[in-house]
Amino acid sequence: MHTLRRHESPLERLTDGILAFARKRSAEAGGLVLFAAAIALSLSLATWSVKDPSLNNATGTAARNLLGTPGAIMSDLLIQVFGLGAVALALVPAVWGFRLIRDGKLGRAGLRITLWAVGTWALAALVSALPSTRAWPLPTGLGGIAGDALLGAARTIGGGLGVFVAGLIFAALAVS
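Residues numbered from 1 in each chain as written. Predicted model: local features only at pLDDT ≥ 70, side-chain atom pairs only at ≥ 80, totals over all residues. Heavy atoms only, no water.

Enquirer: Just checking my understanding: could you explain the environment of Leu142 for this structure?
Expert: Checked against the element boundaries, Leu142 lands in the loop between α5 (109-128) and α6 (144-175). In this structure the C-alpha to C-alpha distance between Leu142 and Gly83, which are 59 residues apart in sequence, comes to 5.2 Å. Apart from the residues within four sequence positions on either side, Leu142 is in contact with Phe82, Gly83, Leu84, Gly85, Val127, Ser128, Leu130, Pro131, Ser132 and Trp136. (Helix = DSSP H or I, 4+ residues; strand = E, 2+ residues; numbered from the N terminus. Contact = heavy atoms within 4.5 Å.)

Enquirer: Can you walk me through the nonpolar core in this structure?
Expert: It is characteristic of soluble globular proteins that their nonpolar side chains tend to be buried jointly. Ranked by size, the top nonpolar core spans 15 residues in total, and within it Leu41, Leu45, Leu78, Ile79, Phe82, Ala86 and Leu89 carry the most contacts. Elements with a contribution of two residues or more to this core: α2 (16-46), α3 (68-82), α4 (87-103) and α5. The residues contacting Phe82, other than those within four sequence positions of it, are Leu89, Thr120, Trp121, Ala124, Leu142, Gly143, Gly144 and Ala146. Counting residues in each nonpolar core, the second largest holds 5 residues, with Ala122, Ala125, Ala166 and Phe170 among its members. (Core = buried A, V, L, I, M, F, W, Y, C linked by side-chain atoms within 4.5 Å. Buried < 20%, exposed > 50% of the residue type's maximum accessible area, 1.4 Å probe, protein only.)

Enquirer: It is not clear to me how unusual backbone geometry should be interpreted in this structure. Could you clarify?
Expert: With the exception of glycine, most residues fall at negative phi, and the peptide bonds are largely trans. The backbone of Arg108 shows a phi angle near 50 degrees, a positive value even though the residue is not glycine. Counting through the fold element by element, Arg108 comes out in the loop between α4 and α5.

Enquirer: Sorry, what's going on with the packing of α4 against α5 here?
Expert: In helix packing, the relevant descriptors are the interaxial angle and the interaxial distance, both defined with respect to the helix axes. The geometry of α4 relative to α5 is characterised by a closest axis approach of 9 Å and an angle of 150 degrees between their N-to-C directions. Relative to α5, the element α4 lies roughly antiparallel. Two packed elements cross with a definite hand, and for α4 against α5 that hand is right-handed. Residues Ala88, Leu89, Val92, Pro93, Trp96 and Arg99 of α4 lie in contact with α5, whose contacting residues are Arg112, Ile113, Trp116, Thr120 and Leu123. Split into classes, the residues belonging to the contact of α4 with α5 amount to 8 nonpolar, 1 polar and 2 charged. (Axes fitted to C-alpha atoms, helices over the stretch in contact; angles between N-to-C directions. Parallel < 35°, antiparallel > 145°, perpendicular 65-115°, else oblique. Left-handed = near helix turned anticlockwise from the far one by under 90°. Nonpolar A, V, L, I, M, F, W, Y, C, P; charged D, E, K, R; others polar.)

Put into structure tokens, the structure is as follows:
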């Protein structure tokens, strides 16, 4: 039985159950926000167009991006930097958000964020190793500036074999 101390504040009266309930609901709300942001980023990336107004494309036309001009600018920056590897920027937080909604917790945040960053860069490098098609509208490879830079370093160090080995390493990092 819980006995009240003479000068106990109302906050101190809350039971452990109520605090646990509040923590779980807060985690679920955070997961919902994270999941919604990941969906918004996915929509922005999926509707990216090189013709939309952005920081490096001044045009008088309206953005066709589903998130409007802010979505066009954000997706253009991410595609320029990570190319198709930008997909990892949306996919991983969506999974985290879902797990927070479902479980109410997500451990080892620092490790998760580090691996997410490494995986995003690795995926950019991996898709840069793939040949671009005529439909790709950017002067960079499919992995954007980041992927081309990582792959370029491998090419400089080891030539074609370096690119192949780096591609295998980046593939392993991207899927881990």
